[in-house]
Amino acid sequence: MNRNYSAAITAVMSFLCLTPLHAQELTDKDAFIQANVFAIFYHELGHAIIDVMDVPIFGQEEDAADVMSVLLIDWLFEEDAAQSIAYDSAFGYINDPDGTEEVAYWDVHGPDEQRYFNHVCLFYGANPDDREDLASDLGLPEERAEYCPEEYDLAADSWGGIFDEMEAQSVGKDIVFVAGDGPEASIVNQTLAEEVELMNADLNLPERIEVRVESCGEANAFYDPNDISITFCTEFIPHLEGLYQDLFTD
């Protein structure tokens, strides 16, 4: 498959070939939590970039942010780390593993299972030769898998142009990280502080984006266009711990 990334993406990939923080020390649960912190942050960063870069969106903005999250997992990590993060973060969409809650079809987010399969398809489509086993493990049907490389190419071309534009700017504003307090904030602080620092080395944004870690009364993360900020709520950590328990230990 032809994988001609834009110049900006190639530069980002060469700079940010990472593995998860202290991967050898993480338990399976910690790795699951960290993978979902990455994916959630990239999703909210997608909303921020759509806003500050005036990205035209044809369809649901939530879908576009989901797509950018998968692309960054693919672009920013070496293969083993990317597969681990993509695998764990796919399950982050399954907020009701027992299927007891009514599906909110009216919501701006797609149904959990649809977001799950879109995530798996896009990640698989980026490198189908090396990710066939992952797609099989995650239950991607062959009927969908056939078209995933085309879906990936379309997404990469669309978002790649935006990253080209950010890279081409000679000067830009930083993403500013504001750490949270307490034990539930610690893994978020550690993960996002380093990620923000690395992104600032390559992304030239027209507006300053603030990333805050704080308690906000619910398991949530959101972008606020009024003050151009991303808030990652510390309540997301016990939510992810509970989700891991439900998915993998019961």
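Residues numbered from 1 in each chain as written. Predicted model: local features only at pLDDT ≥ 70, side-chain atom pairs only at ≥ 80, totals over all residues. Heavy atoms only, no water.

Participant: Just checking my understanding: could you explain the state of the cysteines for this structure?
Facilitator: By definition, a disulfide is the covalent link that joins the sulfur atoms of two cysteine residues. A full pass over the atoms with the stated rule returns 2 disulfides. Put simply, Cys121 and Cys148 are joined by a disulfide, and their sulfur atoms are 2.0 Å apart. Judged by the sign of its S-S torsion, about -120 degrees, the bond between Cys121 and Cys148 is left-handed. Highlighted residues: Cys121 in helix α5 (residues 112–126) and Cys148 in helix α8 (residues 148–168), separated in sequence by 27 residues. (Disulfide = S-S within 2.5 Å. Helix = DSSP H or I, 4+ residues; strand = E, 2+ residues; numbered from the N terminus.)

Participant: For this particular structure, what's the right way to read the sheet that holds strand β2 (residues 209–214)?
Facilitator: Strand order across the open sheet formed by 4 strands is β1-β2-β4-β3, with mixed pairing between neighbours. Two strands in the sheet have a free side with no partner beyond their single neighbour: β1 (175–178) and β3 (221–224). Pairwise comparison of adjacent strand axes, ignoring direction, gives a mean angle of 15 degrees for this sheet. Along the sheet, helix α2 (residues 28–52) contacts β1, β2, β3 and β4 (229–233); its crossing angle with β3, the most-contacted strand, is approximately 15 degrees. (Pairing = 2+ DSSP bridges. Axes fitted to C-alpha atoms, helices over the stretch in contact; angles between N-to-C directions. Contact = heavy atoms within 4.5 Å.)

Participant: In this structure, what is going on with the packing of α5 against α8? I would like to understand it.
Facilitator: Two packed helices can be described by the angle between their axes and the distance between those axes. Where α5 meets α8, the closest approach of the two axes is 7 Å, and the angle between their N-to-C directions is 85 degrees. One way to sum up the angle between α5 and α8 is to call them roughly perpendicular. Residue-level inspection shows Cys121, Leu122, Tyr124, Gly125 and Ala126 of α5 in contact with α8, the latter providing Cys148, Pro149, Glu151, Tyr152 and Ala155. Considering only residue class, the contact of α5 with α8 consists of 8 nonpolar, 1 polar and 1 charged. (Parallel < 35°, antiparallel > 145°, perpendicular 65-115°, else oblique. Nonpolar A, V, L, I, M, F, W, Y, C, P; charged D, E, K, R; others polar.)

Participant: For this particular structure, what's the right way to read the packing of α2 against helix α9 (residues 183–200)?
Facilitator: The contact between α2 and α9 brings their axes to 10 Å, and the two run at 45 degrees. By the angle between their axes, α2 is oblique relative to α9. Where α2 crosses over α9, the two elements pack in a sense that is right-handed. Residue-level contacts link Asp30, Ile33, Gln34, Val37, Phe38, Phe41, Tyr42 and Leu45 of α2 to Ile187, Val188, Thr191, Leu192, Glu195, Val196 and Met199 of α9. Among the residues forming the contact of α2 with α9, the class breakdown is 11 nonpolar, 2 polar and 2 charged. (Left-handed = near helix turned anticlockwise from the far one by under 90°.)

Participant: Sorry, what's going on with the packing of aromatic side chains here?
Facilitator: Two aromatic rings are characterised by how far apart their centres lie and by the angle between their planes. Across all of its chains, the model carries 13 aromatic pairs by this definition. Ring geometry for Trp75 and Phe163: centres 5.8 Å apart, planes at 85 degrees, overall edge-to-face. Residue Trp75 is found in helix α3 (residues 61–76), and its partner Phe163 is found in helix α8; the two are separated by 88 residues along the sequence. Of the residues examined, Phe163 reaches a relative accessible area of 3% and is grouped as buried. Ring centres of Phe91 and Phe248 lie 5.2 Å apart, and the angle between their planes is 75 degrees; on these two criteria the pair is classed as edge-to-face. Here Phe248 lies in helix α10 (residues 236–248) and Phe91 lies in helix α4 (residues 79–91), a separation of 157 residues in the sequence. On the accessibility criterion, Phe248 (35% relative accessible area) is partly exposed. A network of ring pairs unites the aromatic residues Phe32, Tyr87, Phe91, Tyr116, Phe117, Tyr244 and Phe248 as a single cluster. (Phe/Tyr/Trp six-rings, centres within 6.5 Å; stacked < 30°, edge-to-face > 60°. Buried < 20%, exposed > 50% of the residue type's maximum accessible area, 1.4 Å probe, protein only.)

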